[in-house]
Structures are given as C-alpha cells and as structure tokens.
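Observations on the model geometry
Now for the letters of each chain:
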Amino acid sequence: MRGRIAHDAPIGAQTWFRVGGNADTLVRPADADDLVALLKQVPAATPLTVIGAASNMIVRDGGIEGVTIRLARGFGDIDAQADGIVAGAAALDVTVAETAAQHALGGLEFLVGIPGTIGGAVAMNAGAYGAEVKDVLDWAELATPGGLIRLTAGELRFAYRRAELPARAVVTRARFHATPGDATAIAARLHEIRAAREATQPVRARTGGSTFKNPPGDRKAWELIDEAGCRGLALGAAQVSEKHCNFLLNTGGATGAEIEALGEQVRARVKAASGIELEWEIKRIGRPA
C-alpha cells in the first residue's frame, strides 16, 4: 500500500469523546485505488471498521479489533459544479455547506449543522434542520473488494439514519444536487443554523452529537429523556447534558465504559417511564476493557 499503516495505534484520543483504546491496525489509504487494494487484501473474517471524523461514536476502552480504516488526505476534495457539489468522503459536512454557499448553491445548508464527514453522513443518512442526505444525494462512490462502484440514492435504500451499503464497502465520495440561488440568503441560512446549534446544543463540550434516534411518532428522544428525569444525570465523569439531554458528555477523564453505561441507564429509565425503548444513534465500537 501507498498509505500509512500503524499497529496498536492510539485512536480514542482522536474521537470527539476523547475515550477509547488503541486500534489493532490503523490504515490511512492514500486514495481510492489504495483503499480498494486494501479491501482486496483484508481477509473476510477480519473485522473491518471505518472511521471518519469520529464525531458520532464511542470507542470502547479495550480498543478496536482487526483493521480500522481512517480516510484523510486523498479523500477531502470538494468540487463545486453548476448545480451541485462533488465531495470526498473525508470532507467535513460543514465545509461542504460553506463551499456551496460560496458558490451561491442552495439546499445544502443543513450540512452545517451536522458534525462529521461526508462519508459518515452518507453511511447513516445524516440529517438536521428539516433535511437529510437522502433528499440531496445524486450518487455515492464506494470502494469494495471488487473495485469502485457508484450507487444512486435509490439504490442505497435510505431510511431514518441508515443506508444499505454493500458488505465491506467504504464511501469514497458523493455528489449532491443543489439549486443556484441568492448568496446572501444562503449565507443567512447558514448563520441561522449555526446560531441555533450554539444556543441549544453543547457544541463546545466533549460529546458525540445526538445519542439516541428519535422514536417513531411525534415524541423526540430528548423529551422522553427529560421526562424520565435524566437531565444532568451523571456516572463518574460522564454526564447527560443539561443544555440538551440527548447529548452525553465527557466532563473530563470519563472512560468509554462510563459513557456507554450512562447511555444504558438513560435507556432503562426512559423505558420504565414511557414504555418506549430508545435506539442508539451513536456508534459503539471496539472491545470492553
């Protein structure tokens, strides 16, 4: 491979929660061809994990088994076109939104409210402020053990916070359609979303974004958590945010086990109070210590 390979590589400190053990093997492919070469070589029985900005995950304290792929340089290009944006999987969602605004392309403003990268946004059909990736995606390019393939939004079978990717496939880039519009109005919408996030979410804390998916129906996860008396609930150095109780925080020195266990406490209390079983939105990966 032309990319970088490291064994017993620290990974937890690179996540937004700043918790977790080392990756058995961490690979940073040089480009899409390098990534395909890697996928061809990794045995089918070897666990394979893909990490982007690591903004929406808990890495457990025992580290990550098998091969962990992290896309960085070589996957971050952003190309503004007349009616859309083509972005690499490692491009930050916020940067794609800003690039679209700079070119007076509307419809992608919601991405400024999503922490993370384009690859993760496609893989989980990320959404915020009334829009989801499925609403704007034209196609996604994926690396597979058999080579590069391109799938449309329909072929990815998007649902709430999920996409159906082929086995052991990794998003490498994607195209989003946009609408030429008024640059001032688009910039104003970006500012509005940023201000709303700042006012309602703990954006400057060690967190992982929305912890649980909103359940079917009209009830929001945060409402159920609040009604179950979990706002501010703590376990060790892990805490339910006082500002937005669908966010878990590492207040300093928390372990991955503490954060995950606190999340399970919240789920149990919500189930007891409302009968509704919350589903994790944050990915929890790796081995317990």
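Scroll up a little and you will see the structure.
Report follows, based on the coordinates. Everything numeric in this text was worked out from a predicted model, so none of it was measured.

1. What to know about the sheet that holds strand S15 (residues 234-235)
Spatial strand order, S15-S16-S17: 3 strands in an open sheet with antiparallel pairing. Strands with a single pairing partner mark the edges of an open sheet, and in this sheet they are S15 and strand S17 (248-250). Two strands pair when backbone bridges link them, and strand S16 (residues 238-240) and S17 are joined in this way by 3 bridges, in the antiparallel orientation. Looking across to S17, one finds that Val 240 is bridged to Leu 248. Helix H6 (residues 256-274) rests against S15, S16 and S17 of the sheet, and its axis sits at about 30° to S16.

2. Points about the environment of Val 133
Note on placement: Val 133 falls in the loop between strand S10 (131-132) and strand S11 (137-144). Taking C-alpha positions, Val 133 is 8.9 Å from Ala 153, a pair spaced 20 residues apart along the chain. Once residues lying within four places of it in the same chain are set aside, the contact partners of Val 133 are Phe 110, Ala 121, Val 122, Asn 125, Ala 126, Phe 158 and Phe 176.

3. Some remarks on the packing of aromatic side chains
Following the criterion strictly, the structure yields 1 aromatic pair and no others. Seen in terms of ring centroids, Phe 212 and Trp 280 are 5.0 Å apart; in terms of plane orientation they differ by 55°. Their pairing is tilted. With Phe 212 in the loop between helix H4 (183-200) and helix H5 (221-227) and Trp 280 in the loop between H6 and strand S18 (283-285), this pair connects stretches of sequence that are 68 residues apart. Residue classification places Trp 280 among the buried positions, given a relative accessible area of 8%. The ring of Trp 139 has Arg 150 sitting right over it, with the charged end atom 3.7 Å from the ring centre.

Calculation criteria
Residues numbered from 1 in each chain as written. Predicted model: local features only at pLDDT ≥ 70, side-chain atom pairs only at ≥ 80, totals over all residues. Heavy atoms only, no water. Pairing = 2+ DSSP bridges. Helix = DSSP H or I, 4+ residues; strand = E, 2+ residues; numbered from the N terminus. Contact = heavy atoms within 4.5 Å. Axes fitted to C-alpha atoms, helices over the stretch in contact; angles between N-to-C directions. Phe/Tyr/Trp six-rings, centres within 6.5 Å; stacked < 30°, edge-to-face > 60°. Buried < 20%, exposed > 50% of the residue type's maximum accessible area, 1.4 Å probe, protein only. Lys NZ or Arg CZ within 6 Å of the ring centre and 35° of its normal.

Scope: geometric values only; no functional claims are made or implied.
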